Amino acid sequence: MFNDMKDFLKNIIFSRLFVLIILFIVMFTVLIQKLFVLQIVNGESYVDNFELKIKKERTLPSTRGCIYDRNGNLLAYNELAYSVTIEDTYESGTGKNAAINDTIYRACKMIEKNGDKVIDEFHIYLDTKGEFEFSVEGTQLLRFLADVYGRTKTSELKYNERNATPKQVIEYLGGTKKFEVGAYENPEDRKSNFIVGKDMTDAELLQIITIRYAISTNSYQKYLFTTIAKDVNEKTVAAIMENKDVLQGLNISEDTLRRYNDALYFSHILGYTGNVSTDELAELSKENDSYTMTDMVGKAGIEQVLETELQGKKGKEVLYVDNLGRVKETSERVEPVAGNDLYLTIDKDLQKAVYNLVEQKLAGILVDKIDNIKEISNEGVTSSKIRIPIDDVYYAILNNNIVDIDHFGESDAKPYEKEIYTKFIDKQNRALSALVTELQETATPYNQLATEMQVYESYITTMLSSSNYGVLLDSEIDKTDEVYLAWKDETISLKEYLEYAIAENWIDISKFQLETQYSDSAQIYDELISYIDTNLRKDNGFSKKLYRYMLRDNEIYGKEICMTMFEQKAIYGTSNEKEALESGGITPYNFMMDKISKLEITPAQLALDPCSASCVVTSTNGEVLACVSYPGYDNNRLANSIDADYYNDLRSDMSLPLYDYATQQRTAPGSTFKMISSVCGLEEGVIGLGDIIQCKGIYETIVPSPKCWIYPQGTHGDLDVVGAIKNSCNYFFYEVGYRLSTDPLGKYNAELGLNRLAKYADMFGLSEKSGIEIVENDPKVSDELPVLSAIGQGTNNYTTIGMARYLTTVANSGTCYNLSILDKLTDSKGNLLQDYTPNVRNQVSIQDSTWSAVHRGMRAVVENMATYDDMPIAVAGKTGTAQEKTTRANHAWFVGYAPYDQPEIVVTTRIAFGYTSANSAQLSKDVFKYYFNLEDKTTLLSGEATQSDGTIIQD
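These figures come from a predicted structure and were not determined experimentally. Here, residues in each chain are numbered from 1, in the same order as that chain's written sequence. Where totals are concerned, whole chains, interfaces and linings use all residues; where local detail is concerned, this predicted model gives features only for residues with pLDDT of at least 70, and gives and counts side-chain atom pairs only at 80 or more. As a convention, hydrogens and water are excluded, and side-chain values are obtained from all of the structure's heavy atoms.

### Quick notes on the overall build of the chain
Each helix is a run of H or I in the DSSP string that is no shorter than four residues. Each strand is a run of E no shorter than two, and both are numbered from the N terminus. A count of helices and strands for the chain gives 33 helices and 28 strands. Within the chain, the proportion of its 955 residues that are buried is 52%. Within the chain, counting contacts between residues at least 6 apart in sequence, those at least 24 apart form 69% of the total. Carbon and sulfur atoms make up 48% of the accessible area of the chain, which totals about 43,100 Å². In this tally, Lys and Arg are treated as positive and Asp and Glu as negative; His is ignored, and so are the chain termini. Charged groups are reduced to one reference atom each: NZ for lysine, CZ for arginine, CG for aspartic acid, CD for glutamic acid. Where the 95 positive side-chain charges of the chain centre and where its 139 negative ones centre are 4 Å apart. Partly exposed residues are those whose accessible area sits between 20% and 50% of the maximum for their type, while under 20% is buried and over 50% is exposed, using a 1.4 Å probe and protein chains only. Contacts between residues were defined by any pair of non-hydrogen atoms, one from each residue, lying within 4.5 Å. Only the protein chains shown count as covering a residue, and every accessible area follows the Shrake-Rupley method with a 1.4 Å probe.

This is the structure:
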């Protein structure tokens, strides 16, 4: 009985003790939770259901402002899209790299399976031969290498890092020191050799490294997502969401993508957006510290110039994440504020029309200049009369990648592709055999080689110095060395030069497969020859050199090349056209002329002279109504996530579509400069309005004695300043230049003349950039040869936009504006924030009689041109021809304004290598017609080549 009571009491005690222990644990847990809740207030963490949650803050991107033309037409906007992102939530350890690489690999396969594209924004790409290549060079390449190797400054790069090849960079990033993309030779032994890219293709290796590199740039700041693919479709979204549980860190996020309407016409003005670079981030952060490495910023054009106005203000939200960084809760959301909207002075319809008129005119010039002959000698022919042989056109199809020559050797190549490729391999073997013989045995001095072999050897030295294949180290070469100078003078053989380069350690032997690092010079030279042979066989540029000579020697024919365009679907063509070409019903020459005339093959595609032009239309109050650079490009394919293949195509395009010919190309202005010389001569008193100067053809006052453009066909006779402008008499303006250079004592002083001309060039705005808000090259006012400078030669060099400011000042008789393409800035609700009315730079204060002489002279120029006989409104203008090389066509200028009595617009046109200024005058006439509605617009914009009227102006 007693024992039972004892047991009973013991049970009660233990039971109560157990309850007390439980109560203590509960109270302790509540206390701990309260402590963590207190930590929330202090911005740290808390425990919820025994799960630690850490408080973090994340920024929310703002929506970029839109861009409109002057009439409210939308040019740039944002579009909602879905992106695939990855967040580095992986635990550190030996298995982290393998885990994250596997996730990326599987995600990429899902994305591509559903028809979407993985990002490829990396400065290394795979070329058409499957070789790794850099997509940047120079300073950009060094900055990239510094980022790869973790150097703050490019000057800190070690020798092997600075000279690393693309493949070596890939090996480094894919190796165990970085991302471990590959596998160990023995998977069970981490001490065994690690093989970069093991069991994957080079494309898959590059894909993973690209994404890992992007993730690494965000590693300094957690909870930032790295984008794997943008603008993905619903199938990809579904696939990723279904596999989120097994693909750690992967997610689908809503995103806004930048889109551009009428991209081809506005690409140089608008530019595009893209991921911020290291240098851009450093610069932007000086004004706004909210920028991060994940931001999309303006990379070119107005998008870049007005980045801070368009960007908007970021929002933020509070995140609660677990100890692995996974988001569990969000709160305290502050919405972002949209960027400001921008309106341009550009007229969308005018911009598009001028672009199309330019293309039509260039096509017309080509049609006029192409002859049905294999080769033409233009030696001794004036630059305005150079002709183009049809073989140059056939070669252009290959040379500027209208067809893909690499596809000729693919398994799915079509009959004509295969036929050409078979002939090509034979030519390649013969050419390389001859080169190897030269390098091993013959050693012919360069200046004694046949032209074809000189072309090949020059290509070799260029290749050996390039960033991708480079083994010839320019930084190590002694430019004063006698052997180097002999090579430059073309008096020794390439064999002698390269053997000497090895002896002097100008060759980087680390890129060769040598048995030992102490190999002798003969072994190194043999390896160099092998290196040259191997790389030339897969080098696209060298292949094109071979094709050039195959055409010359009738090893391939125009018909075969034209047929490959059908086989590769490079052109639009009917089955009847194809059959006629193949059967001989139409000649290859007539076929090509028809395609060029119909703009089915464009001047830009052919990249023959002329393939580029620029035209600027301004109002007389300094607003830019059109700023056309031909050719353009599709900035949609560079925005957001750059299309690497397209970008590399643009970079290799010989018509240079990324180059803004309106704001960056500088050439001599030719005779369009003569209005400044006239004003300078009149205002400085070296000529008077009634003074007569007799043109004698050759200006013998100086030696060498320059000639007037009309000589020896005749002379202009007696001219006053109005007649000199009308006839563009070089002799008259030589004399003006000489008088400007003559001091009061009658002594010739070149500096005096140059300073006087420079003073008036400055008055008309030619000494500074035009004021336009996009990237523009500095002008160059002539600083030598005042007599020649007076006719627009000397060292005068100006952009089309700079010349537009000069002519706008002439047209309005003296108000020199800082030109602008900006109209106004509003907030997202339409409230005006800023009005960008062009600022007056200066006033040109000269006599009314001087203005009258200039205007009358310019009006007489146009009245003297048959091209303008049928114009219903009066136009004043000036032509100009500028020679750059005797072997190429002249640059063709026309500057003009209309109506003559009350100027409204100014048109400034330059056709680079456009033969004669008559072509620019004809193009400008069409621009005036379009603007003033003087001809049916569908007739003007026919979509076909605008034929030349045959006029040649040689001023």
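### What to know about the sheet that holds strand β28 (residues 905–911)
Within a sheet, neighbouring strands are paired by backbone hydrogen bonds and run either parallel or antiparallel to one another. Within the open sheet, the five strands sit side by side as β19-β18-β28-β27-β26. Their pairing is antiparallel. Lying at the two open borders of the sheet, with one neighbouring strand each, are β19 (624–630) and β26 (876–882). For this sheet, the mean inter-axis angle between neighbouring strands, taken without regard to orientation, is 5°. As paired strands, β26 and strand β27 (residues 891–898) are joined by seven bridges and run antiparallel to one another. Within β27, the residue paired with Thr879 across the bridge is Phe894. Most of the contacts of helix α12 (residues 348–369) go to β19, to which it runs at about 35°, and overall it touches β18 (613–619), β19 and β28. Think of each axis as a best-fit line through the C-alpha atoms, taken over the contacting stretch in the case of a helix, with angles from 0 to 180 degrees between the N-to-C directions. Against the sheet, helix α30 (residues 800–811) touches β18, β19, β27 and β28, its axis set at about 145° to β28. Strand pairing follows a simple DSSP-based rule, namely that at least 2 bridges must link the two strands.

### Some remarks on the packing of α12 against helix α32 (residues 917–931)
The geometry of α12 relative to α32 is characterised by a closest axis approach of 10 Å and an angle of 150° between their N-to-C directions. Classified by the angle between their axes, α12 and α32 sit roughly antiparallel to one another. Helix-helix and strand crossings are classified by hand; for α12 and α32 the assignment is right-handed. Residue-level contacts link Asp349, Leu350, Ala353, Val354, Leu357, Val358, Lys361 and Ile365 of α12 to Asn919, Gln922, Leu923, Asp926, Val927, Tyr930 and Tyr931 of α32. Here the term charged refers only to Asp, Glu, Lys and Arg, the term nonpolar to Ala, Val, Leu, Ile, Met, Phe, Trp, Tyr, Cys and Pro, and the term polar to all other amino acids, Gly among them. The class makeup of the residues in the contact of α12 with α32 is 10 nonpolar, two polar and three charged. Here the word oblique covers every angle except those under 35 degrees (roughly parallel), over 145 (roughly antiparallel) and from 65 to 115 (roughly perpendicular). Each helix crossing is assigned a hand: it is left-handed if the near helix lies turned anticlockwise from the far helix by less than a right angle, otherwise right-handed if that turn is clockwise.

### Digging into the packing of aromatic side chains
Side-chain rings of Phe, Tyr and Trp (the six-membered ring for Trp) are treated as a pair once their centres are within 6.5 Å; stacked means planes under 30 degrees apart, edge-to-face means over 60, and tilted covers the remaining angles. Tallied over the entire structure, the rule returns 32 aromatic pairs. Here Phe424 and Tyr547 contribute two aromatic rings whose centre-to-centre distance is 4.8 Å and whose plane-to-plane angle is 15°, an arrangement assigned as stacked. On the criterion of sequence distance, the pair formed by Phe424 in helix α14 (residues 415–442) and Tyr547 in helix α19 (residues 540–552) is long-range, its members being 123 residues apart. The same class applies to Phe424 and to Tyr547, which are both buried. With a centroid separation of 5.2 Å and an interplanar angle of 75°, the aromatic rings of Tyr699 and Tyr731 are classed as edge-to-face. Here the residue Tyr699 occupies a position in the loop between β20 (693–695) and β21 (717–719), and Tyr731 occupies one in helix α27 (residues 730–740), the gap between them amounting to 32 residues. Both residues of the pair, Tyr699 and Tyr731, count as buried. Put simply, the rings of Tyr446, Tyr484, Trp487, Tyr497, Tyr500 and Trp506 pair up and form one aromatic cluster.

### Description of the packing of helix α15 (residues 451–464) against α19
What describes two packed helices is the angle between their axes and the distance between those same axes. At their nearest, the axes of α15 and α19 sit 10 Å apart, and the two run at 170° to each other. With respect to their mutual orientation, α15 and α19 come out roughly antiparallel. Taking contact as the criterion, the partners of Thr451, Glu452, Val455, Tyr456 and Tyr459 in α15 are, on α19, Gly541, Phe542, Lys545, Leu546, Tyr549 and Arg552. When the residues that make up the contact of α15 with α19 are grouped by side-chain class, the tally is six nonpolar, two polar and three charged.

### Some details on the environment of Gly541
Along the polypeptide, Gly541 turns up in helix α19. When the C-alpha positions of Gly541 and Ser852 are compared, they lie 56 Å apart, and in sequence the two are 311 residues distant.

### A look at helix α18 (residues 521–537)
Relative to the 24 Å expected for 17 residues at 1.5 Å per residue, α18 spans 24 Å between its end C-alpha atoms, a close match to the ideal helical length. Next to the buried residues of α18 lie α14, α15, α17 (494–503) and α19. The backbone nitrogen of Ala522 has a side-chain oxygen 3.2 Å away, supplied by the residue at the start of α18, namely Asp520. Multiply 1.5 Å by the residue count of a helix minus one, and that product is the helix's expected span. Counted as a polar contact is a pair of N or O atoms within 3.5 Å, where, for protein atoms, one must be capable of donating a hydrogen and the other of accepting one, and residues adjacent in sequence contribute only when both atoms are in side chains.

### Description of the side chain of Thr908
Tracing the backbone shows Thr908 in strand β28. When sequence neighbours within four positions are dropped, the list of residues in contact with Thr908 reads Ser614, Cys615, Val616, Thr800, Met803, Ala804, Leu807, Trp893, Phe894 and Val895.

### A few points about the pairing of strand β24 (residues 832–835)
Bridging between strand β23 (residues 822–826) and β24 involves three bridges; their strand directions are antiparallel. Each residue of the ladder has a partner; that of Lys824, found in β24, is Asp835. Hairpin remark: β23 followed by β24, antiparallel, with five residues in the connecting loop; positive phi at Gly830, about 95°.

### Side note on a positive patch on the surface
A patch consists of residues exposed above 30% relative accessible area that lack any salt bridge, with like charges linked at up to 9 Å and nonpolar side chains (Val, Leu, Ile, Met, Phe, Trp, Tyr) linked at up to 5 Å. Any carboxyl oxygen of Asp or Glu that lies within 4 Å of a side-chain nitrogen of Lys or Arg is treated as forming a salt bridge with it. A surface patch of like charges, here positive, comprises Lys414, Lys418, Lys569 and Lys578. Structurally, Lys418 can be placed in helix α14.

### Digging into helix α8 (residues 263–270)
Of all eight residues in α8, seven are buried; the element is thus mostly enclosed. Of the positions making up α8, those classed as buried are Ala263, Tyr265, Phe266, Ser267, His268, Ile269 and Leu270. One or two residues past the end of α8 sits Gly271, with phi positive at roughly 75°.

### As for the pattern of salt bridges
Applying the stated criterion across every chain, the model contains 52 salt bridges. Note that Lys769 and Asp778 form a salt bridge whose closest N and O atoms lie 4.0 Å from each other. Exposure remark for Lys769: the relative accessible area of 38% places this residue in the partly exposed category. For Asp778, a relative accessible area of 47% puts it in the partly exposed group. Note that Glu863 and Arg859 form a salt bridge whose closest N and O atoms lie 3.6 Å from each other. Taken together, the residues Glu863 and Arg859, both in helix α31 (residues 848–863) and four residues apart, mark about one turn of the helix. Judged by relative accessible area, which is 19%, Arg859 ranks as buried.

### Describing the pairing of β19
Counting buried positions along β19 yields seven of seven residues, so the element is predominantly enclosed. Across six bridges, the pairing between β18 and β19 is antiparallel. Across the sheet, residue Thr618 finds its bridge partner in β19, namely Val624. Hairpin geometry of β18 and β19 is characterised by an intervening segment of four residues between the two adjacent antiparallel strands and by a positive phi of about 90° at Gly622.

### Concerning the environment of Asp412
Note that Asp412 resides in the loop between α13 (390–399) and α14. Classification of Asp412 by relative accessible area gives partly exposed; the value is 47%. Among the polar contacts listed, one links the side chain of Asp412 to the side chain of His407, at a separation of 3.0 Å.

### So, unusual backbone geometry
In the segment running from Asp609 into Pro610, the intervening peptide bond is cis, with an omega of -5°. Looking at the secondary structure, you find Pro610 in the loop between α23 (603–606) and β18. Residue Pro631 is bonded to the preceding Tyr630 through a cis peptide linkage, with omega at 5°. Mapped onto the elements of the fold, Pro631 is located in the loop between β19 and α24 (644–652). The phi angle at Asp262 is positive, at roughly 50°, despite the residue not being glycine. As for its position among the elements, Asp262 is in the loop between β10 (250–260) and α8. A relative accessible area of 24% means that Asp262 is categorised as partly exposed. In this structure, Leu656 takes a positive phi of about 55° despite not being glycine.

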